[in-house]
Structure formats: C-alpha cells, structure tokens
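Results of the structural survey
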Amino acid sequence: MTNPLPTYQSAFGLLQAEAAPDDQFFWKGDITLQHPLFTGTVPVYLITKEAQLSPDMLGFTEQIVANVGAYIEKSLTFIQQTLANDPEAYGITPAERAWLDVDISEFPLEFPEITFYEAEEWFMRFAQGRFRICDPYGIGITYRGTVPVNVNNLEDSISAE
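Residues numbered from 1 in each chain as written. Predicted model: local features only at pLDDT ≥ 70, side-chain atom pairs only at ≥ 80, totals over all residues. Heavy atoms only, no water.

What follows concerns the overall build of the protein chain. For the protein chain, the count of helices and strands is two helices and eight strands. Beginning at the N terminus, the succession of helices and strands in the protein chain can be written as β-β-β-β-α-α-β-β-β-β. By the compact-globule yardstick of 15 Å for 161 residues, the protein chain fits well, its C-alpha radius of gyration being 16 Å. Dimensions of the protein chain along its principal axes, counting C-alpha atoms only, are 50 × 30 × 25 Å. Pairs at least 24 residues apart make up 45% of the contacts formed inside the protein chain by residues separated by at least 6 positions. When the 8 positive and 23 negative side-chain charges of the protein chain are each reduced to one mean point, those points stand 4 Å apart. (Helix = DSSP H or I, 4+ residues; strand = E, 2+ residues; numbered from the N terminus. Rg over C-alpha atoms; globule rule 2.2 N^0.38 Å. Contact = heavy atoms within 4.5 Å. Lys, Arg positive; Asp, Glu negative; His and termini not counted. Charge placed at Lys NZ, Arg CZ, Asp CG, Glu CD.)

Below you can see the structure in the form of structure tokens.
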C-alpha cells in the first residue's frame, strides 16, 4: 500500500488502514472489553474490495461491536454445541470431551478477534484454546448478519504472514 488510505472514526474508535493482499483494503481498530467471559483488547478488522468503507458496512460493524460481549457468549455457546454434536468431525479427543460439558464461562477458548467482510458477513476467531484443533491458529465462527452459520477448524490454515 503506497498511497495513504483514509482512516475512519467509528463509534468504537479510529480505524487505521493497513496493507492487504489481493487488491483488497484492510482497516484495523481495537476495542477494550470488560465482560464476564473476556476482559481485554479485542482486535477488529474490516476487509473490503473498495478503498472506502461504505456507510452500511461501518454501521453494521458498529452494531455488532456495541454488543461484542453478547456475541462472544453466543459464539462460545455455538462452538460448544457444534463440537458436542459432532466431536469426531472436529477431531475432539476423548480427553477433550469433558470440556464440552463445562459452563460457558469455563469453556477453554480465549482471545477473540473479529473480521468483517462486505455483505454483513463476519468472522469471530478465538486465537487460542485448549482443544488440539486450536493449534496453531485458533477456531472461528462465521456469521451472516447476526446468525452464526458454522464453526471453522483453522488447524490446517496457512499463515497470512
């Protein structure tokens, strides 16, 4: 990225442009969260094909981020239920199956981050977890609008770096 891209002031802070591959545009911001399920910084990324963020995308992002604690809980619950319903498909070991029955506040996933795409699709990744499938990139959940649609096993992903 050789020419400076615009920054955006969102309801949750400044979004800074960063380099992105494949003729895409990438903005990053951070939010600080204090929630019973997670306290700390949650990175927020927006990826577009255009050099400008649309008002619709920015508004949708702000709506989700304003309720990020509830979406962390929703994501953890969806992942827990999905893994419990089909542990073999996700390579859950016999020793890990006990974690599928714990209270959501004890569910062993950490360090959420959110990536927004155009058309109200977004992804919440938990960068670390105690499940074997979390190594080395974590586990994620894809949303369409406000509805979780699938759990993504990232263990075979390729690093973007």
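Attention shifts here to the sheet that holds strand 6 (residues 121-129). Read from one edge to the other, the open sheet built from eight strands follows the order 1-2-3-4-5-6-7-8, with strand pairing classed as mixed. Taken across any chain shown, the strands that pair with only one partner, and hence form the sheet edges, are strand 1 (8-10) and strand 8 (147-153). Pairwise comparison of adjacent strand axes, ignoring direction, gives a mean angle of 25° for this sheet. Alignment of strand 6 against strand 7 (residues 139-144), held across six bridges, turns out to be antiparallel. In the strand pairing of strand 7, Arg125 is matched with Gly140. Strands in contact with helix 1 (residues 55-66) are strand 1, strand 2 (13-18), strand 3 (25-35), strand 4 (38-48), strand 5 (109-116) and strand 6; relative to strand 4, the strand with the most contacts, it is inclined by about 165°. (Pairing = 2+ DSSP bridges. Axes fitted to C-alpha atoms, helices over the stretch in contact; angles between N-to-C directions.)

By themselves, these figures tell us nothing about what the structure is for.
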